[in-house]
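Observations on the three-dimensional arrangement
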Amino acid sequence: MSGLIVTDPPRAHAEDVEALGGYGVATVHEGMGRTGSLGPGFRPIQQDVRIAGTAVTALCWPGDNLMIHAAVEQCREGDILVVTTTSPSTDGMFGDLFATALQYRGVRGLIIDAGVRDTTDLRAMGFPVWSSAVCAQGTVKATGGSVNIPVVLGGQIVRPGDVIVADDDGVVCVPRERAGTAVKAAEARTAKEDASRAAFAEGQLGLDRYGLRETLVRLGVRYQAYDEDERNGSPS
C-alpha cells in the first residue's frame, strides 16, 4: 500500500475552535441540525474531559502504526489526531509514548477507530483519548498509509483542518468552513435550553412548553382514569 502525506492543510479559525470547545458535543451536534456525530462507537478512556481542536488525520493499515509516527510530525499546537484503518482493527496502535510526543507538540487529544493501550498512563498524563477499542495487542511499522487526507469514522467524513469536539457524550466533527456558523448555532441552542431549564425549574411541563399536547391528540393518544381502566377489565 503506497500513500500520501499532505503538509500544511487549511485549518478552521482558532477563535471558532475555542468557541466550540465551550459547548458540549450534544449541543454542537443539535445546533448543526443533528449532523457530525461519529456515533456511539467512540468512548473516552477518561471522564469529565472536553476538548476541541483541528483534525490531523492518519489512515493506517490494520495492526500497523507507521503512519501515526508520520502524522505526529504534521501535528501542531491545538490539533487533535484522528486515526482510522483501511479495514477494522482493534489492535493497540497507540500508547503513552505517542502521547508524550504529541503533548510536546501541543496536541489536545486522540480520536482513533482502533485500539489503544497504556490507558492508566494516558489518564495519569492527562492526555485525552476516544477510541473504539482498548487492547494490549502490539503492532508493527511496515506498511505505507496516508496523512492529512479525508477519512471516514463512524460513517462521518473527517477532513484535515475540520473541528473535532469530544466529551463524555462522544465525538462530533464540524466541517472547517462551517465552524463560524456552528458557533452561532450552538450559542442559540444553549440560550434556548437555558430558557427551557429555567421554565422546568419553575414547574412548567415539556408537554406545554413544546406544544406536545396537540401532538398527542393528533397521534390518537388518549387519557383514561385508572378506575375506568379497571372497570373495562384491562390489565393493570
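Here the structure is a predicted model, which is why all the values come from computation and not from measurement. Within each chain, residue numbers correspond to sequence positions counted from 1 in written order. Residue-level local features of this predicted model are given only where pLDDT is at least 70; pairs of side-chain atoms are given and counted only at 80 or more, and the full residue set underlies all totals for whole chains, interfaces and linings. Values shown for side chains rest on all heavy atoms present in the structure; no hydrogens or waters enter the calculation.

A few words now on the overall build of the chain. Secondary structure follows DSSP: runs of H or I at least 4 residues long count as helices, runs of E at least 2 residues long count as strands, and numbering of each begins at the N terminus. From N to C terminus, the chain includes nine helices and 11 strands. Taken against the 2.2 N^0.38 rule, which gives 18 Å for 236 residues, the C-alpha radius of gyration of the chain at 22 Å runs more than 25% over that of a compact globule. Projecting the C-alpha coordinates of the chain onto the three principal axes gives extents of approximately 75 × 40 × 35 Å. Any residue under 20% of the maximum accessible area for its type is buried, any over 50% is exposed, and the rest in between are partly exposed; the area is computed with a 1.4 Å probe on protein chains only. Buried residues in the chain amount to 43% of all 236 residues. Roughly 12,100 Å² of accessible area belongs to the chain as shown, and the carbon and sulfur atoms make up 51% of that amount. Charged residues are defined here as Lys and Arg on the positive side and Asp and Glu on the negative side; His and the ends of the chain fall outside this count. A charged residue contributes its charge at one atom only: NZ of Lys, CZ of Arg, CG of Asp or CD of Glu. Between the averaged position of the 22 positive side-chain charges in the chain and that of its 30 negative side-chain charges there is a distance of 4 Å. Just to be clear, the radius of gyration here is over C-alpha atoms, and the globule rule we use is 2.2 Å times residues to the power 0.38. All accessibility values rest on the Shrake-Rupley procedure with a 1.4 Å probe; residue burial counts only the protein chains present in the view.

It is worth spelling out the pattern of salt bridges at this point. What counts as a salt bridge is simple: a side-chain nitrogen of Lys or Arg found within 4 Å of a carboxyl oxygen of Asp or Glu. What the rule picks out here adds up to 10 salt bridges. Note that Glu 30 and Arg 34 form a salt bridge whose closest N and O atoms lie 2.9 Å from each other. For Glu 30, a relative accessible area of 24% gives the class partly exposed. Taking the shortest distance from any N to any O, the salt bridge between Arg 159 and Asp 162 comes out at 3.0 Å. A network of salt bridges, in which partner residues are shared, links Glu 30, Arg 34, Arg 189 and Glu 193.

Right, let's talk about the layout of surface pockets for a bit. A 1.4 Å probe that fits into a set of points on a 1 Å grid over the protein atoms alone but cannot get out defines a cavity; an open set with protein on both sides within 12 Å along at least five of seven lines defines a pocket, and lining residues are those with an atom within 4 Å of a point. Grid points are joined across faces, edges and corners, and a volume is the space filled by probe spheres set on the points. Put simply, the largest pocket is a space of about 200 Å³. For the largest pocket, the lining is made up of 13 residues, of which Asn 65, Gly 95, Leu 97, Phe 98 and Arg 117 are closest to its centre. Elements with a contribution of two residues or more to the lining of the largest pocket: strand S4 (92-94) and helix H4 (96-104). Of the residues assigned to the lining of the largest pocket, the class counts are four nonpolar, five polar and four charged. Basically, the charged four are Asp, Glu, Lys and Arg, the nonpolar ten are Ala, Val, Leu, Ile, Met, Phe, Trp, Tyr, Cys and Pro, and anything else, Gly included, counts as polar.

It is worth spelling out the packing of aromatic side chains at this point. Working definition: a ring pair exists when centres of Phe, Tyr or Trp rings (six-membered ring for Trp) sit within 6.5 Å. Plane angles under 30 degrees give stacked, over 60 give edge-to-face, the rest tilted. For the structure on display, the rule yields three aromatic pairs. Judged by centre distance (5.9 Å) and plane angle (20 degrees), the ring pair of Phe 94 and Phe 127 falls under stacked. You can see Phe 94 sitting in strand S4 and its partner Phe 127 sitting in the loop between helix H5 (119-125) and strand S6 (129-134), a full 33 residues away along the chain. Taking the relative accessible area as the measure of exposure, Phe 94 reaches 1% and is therefore buried. When the ring of Phe 200 is compared with that of Tyr 210, the centres are 6.0 Å apart and the planes differ by 90 degrees; the resulting orientation is edge-to-face. With a gap of 10 residues between them, Phe 200 in helix H6 (residues 179-201) and Tyr 210 in the loop between helix H7 (206-209) and helix H8 (212-218) connect regions that are remote in the sequence. The exposure class of Phe 200 is partly exposed, given its relative accessible area of 35%.

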